Amino acid sequence: RGGMSGAEDASPPEEDVSLAGEVNVKRHKRRVWLVKVPPFIAEAWRGGEPSETLGSLRIEMAANDPTWTVGMALEGPSARGLPRDFVLHTTPAPPACIFSEDEEGRINVEGTVEYKCEVQPVLNAEYRQLLRARTDEQHSRRAQRQIQLLDDSRTFLTPRPRHRDIIRPRKRPDVPVEVEKEKRARIEKADLIDLLMKLFEKEPYWNLRDLTERTDQPQVWLKEVLSGVCVYHKRGEHKTMWELKPEYKVGGNPERLKEENG
């Protein structure tokens, strides 16, 4: 479809109606989609020109299938250095309207929200390459950090309690090892997906315990990300193992995935 816009005008033009107070409601029947985009896309779009075409939408519908899929392709100067292909996950929206304010301070209703959408990058070779470049840049920044030792020649006096016999140090409660492991620091979703892709390049099947150890991530967060890109085998030869979904394998062949990414 053509250039992207914030609203889809699917209804015929309406006659002008009077303002309800200071709110212009003449477009309240216009159907719009509320789209949630990743922060890096929002930042790039804010820096673009007002007349710039941001991208295009592609809606695919099968002849005998009521469901439909929506793809988005970024275009224009603001898309430079960003992933190009995205998928929009759409769900019906609760009753809501979109408002805007013009240069004269008047409030306008731009339309009624019909669907809310979440934008997710397509995990193709181009996106994996961008993830690797960003990971390498982060590692390079960490390598450049320097540790500065403080001068410990100064003497610090620690005040002592007046009633030492009454005050007792608190004993740290015993914490199960499993709870300690769950306190691992979460990394960004994109970085975790990149790490998982590298692991599945080496082996096509992994259990959750091994993935937890190799990624050093909380199991709840790891399972949430795995459910989006992997299939969990509940029975059969690979029972309790995770495997990449076919659409995330290069050519549907894990061996080819190893060769392409070295």
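Just so you know, these numbers come straight off a predicted model, no measurement behind them.

Explain the nonpolar core to me, using residue names and the numbers behind them.
Counting 22 residues, the largest nonpolar core has Leu196, Phe200, Leu211 and Leu226 as its most contacted members. At seven residues, the largest contribution of residues to this core is made by helix 4 (residues 189–202). Look past the residues within four positions of Leu196 in its chain and what remains in contact with it is Leu211, Thr215, Leu222, Val225 and Leu226. Formed by 12 residues, the second largest nonpolar core is a distinct cluster that contains Ala44, Phe86, Leu88 and Val119.

Report on the pattern of salt bridges, specifying residues and quantitative values.
Summed over all chains, the structure comprises eight salt bridges. Close ionic contact of Arg30 with Glu110 constitutes a salt bridge, the shortest N to O distance being 3.0 Å. Of this pair, Arg30 sits in the loop between strand 1 (23–24) and strand 2 (31–36) while Glu110 sits in strand 7 (residues 107–121), placing them 80 residues apart in sequence. One salt bridge connects Asp194 with Lys198, and the closest N-O pair in it is separated by 3.9 Å. On the criterion of helical spacing, the pair formed by Asp194 and Lys198 is a turn pair, its members being four residues apart in helix 4.

Kindly report on the packing of helix 5 (residues 208–215) against helix 6 (residues 219–229), identifying the contributing residues and their values.
Relative orientation of the contacting elements helix 5 and helix 6 amounts to 110 degrees, with a least axis distance of 10 Å. Judged by the angle between their axes, helix 5 and helix 6 are roughly perpendicular. Residue-level inspection shows Leu208, Leu211, Thr212 and Thr215 of helix 5 in contact with helix 6, the latter providing Gln219, Leu222, Lys223 and Leu226. Each residue belonging to the contact of helix 5 with helix 6 can be placed in one class, and the counts come to four nonpolar, three polar and one charged.

Describe helix 6, with residues and values.
Along helix 6, the residues that are buried comprise Trp221, Leu222, Val225, Leu226 and Val229. Seen from one end, helix 6 has its buried residues packed into an arc of 130 degrees, which puts them on one side. In helix 6, the exposed residues that point more than 90 degrees away from the buried face are Val220 and Glu224. Where helix 6 is buried, its residues contact helix 4, helix 5, strand 8 (230–232) and strand 9 (242–244).

Cut-offs used in this document
- Residues numbered from 1 in each chain as written.
- Predicted model: local features only at pLDDT ≥ 70, side-chain atom pairs only at ≥ 80, totals over all residues.
- Heavy atoms only, no water.
- Core = buried A, V, L, I, M, F, W, Y, C linked by side-chain atoms within 4.5 Å.
- Buried < 20%, exposed > 50% of the residue type's maximum accessible area, 1.4 Å probe, protein only.
- Helix = DSSP H or I, 4+ residues; strand = E, 2+ residues; numbered from the N terminus.
- Contact = heavy atoms within 4.5 Å.
- Salt bridge = Lys/Arg side-chain N within 4 Å of Asp/Glu carboxyl O.
- Axes fitted to C-alpha atoms, helices over the stretch in contact; angles between N-to-C directions.
- Parallel < 35°, antiparallel > 145°, perpendicular 65-115°, else oblique.
- Nonpolar A, V, L, I, M, F, W, Y, C, P; charged D, E, K, R; others polar.
- Arc of directions from axis to C-beta.

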